[in-house]
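Observations on the three-dimensional arrangement
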Amino acid sequence: MKAPLPSRRKFLFQAAVAAAALPIAMRLIPDARAAGLTKLPLDNPQAKALGYVDDASTSKLPSYKPGSTCSNCQFFTAATGACALFAGFSVSSKGWCSAWAKKPA
Ligand code: SF4
């Protein structure tokens, strides 16, 4: 026994629902551009004060511990690249600064 084919009316209704939902879904998916964030410049005074680097492995600070990066810091938001300490900027997921604090498991 064959399953009945969807009617044209049903197909058009589903297409209309999908088309209406798409802009809403796009608004719910955050990214750095949508959040209006710009990459944190290394010469930002606060970044310099905290010893921020785009690549954690290049940090020269004695407080740096291998394996600690922005991606596993509690102040980092992976969806946008935002850091709670640097409003309006995004940081590298591979970056690090001396304010690093382990993200709770
Ligand atoms: Fe990266 Fe955490 Fe420093 Fe922000 S506070 S720059 S997320 S290490």
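Everything that follows concerns the structure shown earlier in this document.
As the structure is a computational prediction, the values presented were derived from the model and not from experiment.

1. Observations concerning the overall build of the protein
The helix and strand inventory of the protein stands at two helices and four strands. Total accessible area on the protein is roughly 7,700 Å²; 65% of this is exposed by carbon and sulfur atoms.

2. Regarding the site of the ligand
Near the ligand the following residues occur: Y52, C70, C73, F75, F76, C83, L85, F86, W96, C97 and W100. When grouped by side-chain class, the residues that make up the shell around the ligand number 11 nonpolar, no polar and no charged.

3. Remarks on the packing of aromatic side chains
By the definition in use, this model includes two aromatic pairs. Measuring from centroid to centroid gives 5.3 Å for Y64 and W96, while their planes differ by 80 degrees, and the two rings are edge-to-face. Here W96 lies in the segment after β4 (89–90) and Y64 lies in the loop between α2 (45–49) and β2 (76–77), a separation of 32 residues in the sequence. A relative accessible area of 17% means that Y64 is categorised as buried. Looking at W96, the relative accessible area reads 2%, which means it is buried.

4. Considerations on the environment of L85
Structurally, L85 can be placed in the loop between β3 (82–83) and β4. Along the primary structure L85 and A47 are separated by 38 residues, whereas in three dimensions their C-alpha atoms are 9.4 Å apart. The residues contacting L85, other than those within four sequence positions of it, are Q46, L50, F75 and A99.

Parameters at a glance
Residues numbered from 1 in each chain as written. Predicted model: local features only at pLDDT ≥ 70, side-chain atom pairs only at ≥ 80, totals over all residues. Heavy atoms only, no water. Helix = DSSP H or I, 4+ residues; strand = E, 2+ residues; numbered from the N terminus. Areas by Shrake-Rupley, 256 points an atom, 1.4 Å probe, with all protein chains shown as cover. Near = heavy atom within 4 Å. Nonpolar A, V, L, I, M, F, W, Y, C, P; charged D, E, K, R; others polar. Phe/Tyr/Trp six-rings, centres within 6.5 Å; stacked < 30°, edge-to-face > 60°. Buried < 20%, exposed > 50% of the residue type's maximum accessible area, 1.4 Å probe, protein only. Contact = heavy atoms within 4.5 Å.

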